[in-house]
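Here are the chains, one letter per residue:
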Amino acid sequence: EPFHRKEMTDILYGIHGMSSNHSEVREFLISFTERVALSTDPLPTTPLFGLNNLSSDSQEVRSLLIILKDRVSSCMEPMNDSQAMNAMKGLSNMKSNVKEVKDLLAVLSEKIAQSSSPWSSVKIGRGMDGLKNMNSDEKEVRDLLVALKDRIQHCKEPFDSRTMGSAMNGMQGMSSDHIEVRD
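All figures in this text were calculated on a predicted structure; none of them were measured in a lab.

*Asks:* Describe the overall build of the protein chain, listing the residues and the values that go with them.
*Replies:* In terms of regular secondary structure, the protein chain is built from 9 helices and 0 strands. Going from N to C terminus, the protein chain has its helices and strands arranged as α-α-α-α-α-α-α-α-α. Since a compact globule built from 183 residues should have a radius of gyration of about 16 Å, the 16 Å found for the protein chain is in line with a globular shape. The principal-axis extent of the C-alpha atoms belonging to the protein chain is close to 45 × 30 × 25 Å. For the protein chain, the proportion of its 183 residues judged to be buried stands at 48%. Sequence-distant contacts, at least 24 apart, represent 87% of the contacts inside the protein chain between residues at least 6 apart. For the protein chain, the accessible surface area stands at approximately 8,800 Å², while carbon and sulfur atoms represent 50% of it. The averaged location of the 26 negative side-chain charges in the protein chain is 3 Å from the averaged location of its 22 positive side-chain charges.

Shown next, in the form of C-alpha cells:
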C-alpha cells in the first residue's frame, strides 16, 4: 500500500537525526522507499529537512532521493522561504557530485526560481548553511545559487551578521572561480 503525502511527511520528519551509517536505518530506508515509490502524491520540499543526517554515500539514501525528486517535482504548490530553508538544510550531509543529489538540486532550483513570495533573510541564511558540503564545480549547485540570488535581491530585510555568517558558512565548498559564487 502506498504512503500518502501526510504519511510521507511524518516519516521524513521522524527520521530527522537518524544516521545512514547504521544498517537498521538503511534497512528502514529500503522499505520506506519502496512504499513512497508506489505513491503518486506530490510532496512539498519542507519534509526534506528530515534527510539532514543521511549521507549520499549510502545507496539506500540515493534510491530514496530518486523517488523524492519525482514527488517534489510533481508538487504544484509554490515554494516559500521555510520550505526552501528546510530542503537545503536536509541536504547538509549530501555531496553535490552525486547524480541523485544533483537531480534534486535541479528541481529545488526550479522551484526556488518559480517562487514569487517575499523571503526572510534569516531563512535564506539558514538554508544556505545547509549547502556547506556542496561544491560549486557542479552546475546544479551554481544554478541553485543563481535562483537564490534572485530571492536575496528581492528580500526586504537586511542580512545581520549572524544571518550573513550562516550563509557564508554554507559557501565553504564554493570557489570564487565561478561567477555564480561571486555574484
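*Asks:* Which residues make up the nonpolar core, and what values go with them?
*Replies:* Counting residues in each nonpolar core, the largest one holds 46 residues, and the members touching the most others are Leu51, Met94 and Met134. Of all the secondary-structure elements, those providing two or more residues to this core are α1 (5-14), α2 (23-38), α3 (59-73), α4 (81-90), α5 (99-114), α6 (121-129) and α7 (139-153). Here Met94 is in contact with Leu51, Leu54, Ser55, Ser56, Val61, Leu65, Val101, Asn133 and Met134, once residues within four sequence places are set aside.

*Asks:* Describe the packing of aromatic side chains, and please don't skip the residues or the numbers.
*Replies:* Scanning the entire structure with this criterion turns up 2 aromatic pairs. Where Phe3 meets Phe32, the ring centres are 5.6 Å apart and the plane angle is 40°; that geometry is what we call tilted. In this pair, Phe3 sits in the segment before α1 while Phe32 sits in helix α2, placing the two residues 29 residues apart along the sequence. The burial state of Phe3 is the same as that of Phe32; both residues are buried. For the ring pair Phe28 and Phe32, a centre distance of 6.0 Å and an interplane angle of 10° mean the geometry is stacked.

*Asks:* Give a description of the pattern of salt bridges that names residues and reports values.
*Replies:* In total, this model carries 12 salt bridges according to the counting rule given. In this structure, Lys95 engages Asp57 in a salt bridge whose closest nitrogen and oxygen atoms are separated by 3.0 Å. Taken as a pair, Lys95 in the loop between α4 and α5 and Asp57 in the loop between α2 and α3 lie far apart in primary sequence, 38 residues in all. You can call Lys95 partly exposed: its relative accessible area is 38%. Between Lys69 and Asp70 there is a salt bridge, with its nearest N and O atoms 3.0 Å apart. According to the relative accessible area criterion, Lys69 is partly exposed, its value standing at 22%. One network of salt bridges, with partners in common, ties together Lys89, Asp129 and Lys132.

*Asks:* Lay out the environment of Leu68 in plain terms, naming residues and giving numbers.
*Replies:* Along the chain, Leu68 falls in helix α3. Overall, the relative accessible area of 0% leaves Leu68 in the buried class. Once residues within four sequence positions are removed from consideration, Leu68 is found in contact with Leu12, Leu43, Leu48 and Leu51.

Conventions and cut-offs
Residues numbered from 1 in each chain as written. Predicted model: local features only at pLDDT ≥ 70, side-chain atom pairs only at ≥ 80, totals over all residues. Heavy atoms only, no water. Helix = DSSP H or I, 4+ residues; strand = E, 2+ residues; numbered from the N terminus. Rg over C-alpha atoms; globule rule 2.2 N^0.38 Å. Buried < 20%, exposed > 50% of the residue type's maximum accessible area, 1.4 Å probe, protein only. Contact = heavy atoms within 4.5 Å. Areas by Shrake-Rupley, 256 points an atom, 1.4 Å probe, with all protein chains shown as cover. Lys, Arg positive; Asp, Glu negative; His and termini not counted. Charge placed at Lys NZ, Arg CZ, Asp CG, Glu CD. Core = buried A, V, L, I, M, F, W, Y, C linked by side-chain atoms within 4.5 Å. Phe/Tyr/Trp six-rings, centres within 6.5 Å; stacked < 30°, edge-to-face > 60°. Salt bridge = Lys/Arg side-chain N within 4 Å of Asp/Glu carboxyl O.

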